[in-house]
Amino acid sequence: MTTLSAPATTRRRRAKGPGGAAGLWTATPMTRLILAVTIIISAFPLYYMIVIASRTNTEATDMPPPFLPGGKLGENIQRVLTNPDAHYLTGLTNSLIIAATVTVSVVVISTFAGFAFARLNFKGGKILLLLVLLTMMVPLQQMGIVPLYRLMVSLEWVGSIKAVILPFLLNGFGVFLMTQYTQQAVPNELVEAARVDGASTLRIWWNVILPAVRPGMAVLGINTFMLIWNDFMWPLIVLTPDNPTVQVAINSLNAKYGTDYVLIFSGTLMSILPLIVVFIAFGRQIIGGLMEGAVKA
């Protein structure tokens, strides 16, 4: 009887909290209120974007401003897609190709490098990792933009999306992140056991490392995708107006003699839809990775 009642007692104590403190494991009304206010404040810019995107320019600039959606969303989206100066569909396609390619490359290379730095002993490994960390201290797009542009001119890639993809296929932060994550998620004994069983380095990476670091890969993937998707300055410099990315295309929606707020808000609303889809697709892995890191910390 004592053995059977112990789990129930434990459950009751956990429900009350250590020391019998009520409400330690459950959200208090104040916590729920703070969370609700935080969600409203965070979601309001997105909601107001929808409101303006579904109105006319006259309604968008009224005082007081409108707070309910109108009925012009479809018409405004059509105006964005048919705008002759923006090339919006081309920009959307280019951004998808660039962001997806760079994200896959950064995640795969960073996972390989993180495995090597964390669990493989080789001469000069610490020095190489230090060099990777040093690259994080150099703002590439600010200090290296002139030589990088000259390189693209030499390669005759100006105006091509290759010029936007190539410089970002490797990310020092991604290598550092996956190195730290691999050290925490994969015990060295597990790698040694796989070697004793005769597994090659590539087999260990595929069967042992990847399943363990998948949450970290998801976090790195969504961060990289968002960073590349929202990049504006380098694509503006290296691409032509008729072959832009989506952020450059949104900038081209500005009217020549004024600001068309409705057109800009409609284009921005369409541009964030891929980000929402990516977050929904990988949200569980992302939250799992963050929570796992918090628990280990």
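Since the model is a prediction, treat every value here as computed from it, not as a measurement.

Peer 1: Is there a simple way to explain empty space enclosed by the protein in this structure?
Peer 2: Rolled over the atoms, a probe sized like a water molecule indicates the empty space that remains. Using the criterion set out here, one finds 1 cavity of 30 Å³ or more in the structure. Roughly 40 Å³ of internal volume is contained in the largest cavity. Along its surface, the largest cavity is lined by S95, I98, A99, V164, I228, W229, D231, P235 and T245. Mapped by element, the contributors of at least two residues to the lining of the largest cavity are α5 (88-119) and α12 (201-229). Tallying contributions element by element places α5 first for the lining of the largest cavity, with 3 residues. Partitioning the lining of the largest cavity into residue classes produces 6 nonpolar, 2 polar and 1 charged.

Peer 1: Looking at this model, I keep getting lost on the side chain of S105. Mind explaining?
Peer 2: Along the polypeptide, S105 turns up in helix α5. Residue S105 is classed as buried on the basis of its relative accessible area of 15%. Polar side-chain contacts of S105 include one of 2.8 Å to the backbone oxygen of L169.

Peer 1: How do you make sense of helix α2 (residues 29-53) when you look at a structure like this?
Peer 2: An α-helix turns once every 3.6 residues. As a result, residues three or four positions apart point the same way. End to end, α2 covers 36 Å across 25 residues, agreeing with the expected 36 Å (1.5 Å per residue, within 8%). Approximately 40 degrees is the largest bend angle found in α2, and it occurs at F44, with the proline P45 only one to four residues beyond.

Rules of the game
Residues numbered from 1 in each chain as written. Predicted model: local features only at pLDDT ≥ 70, side-chain atom pairs only at ≥ 80, totals over all residues. Heavy atoms only, no water. 1 Å grid on protein atoms, 1.4 Å probe; cavity = no way out; pocket = protein on both sides within 12 Å on 5 of 7 lines; lining within 4 Å. Points joined across faces, edges and corners; volume = space filled by probe spheres on them. Helix = DSSP H or I, 4+ residues; strand = E, 2+ residues; numbered from the N terminus. Nonpolar A, V, L, I, M, F, W, Y, C, P; charged D, E, K, R; others polar. Buried < 20%, exposed > 50% of the residue type's maximum accessible area, 1.4 Å probe, protein only. Polar contact = N/O pair within 3.5 Å; in protein donor to acceptor, adjacent residues only side chain to side chain. Expected span 1.5 Å × (residues − 1). Bend = angle between axes of the 7 residues up to and from the residue.

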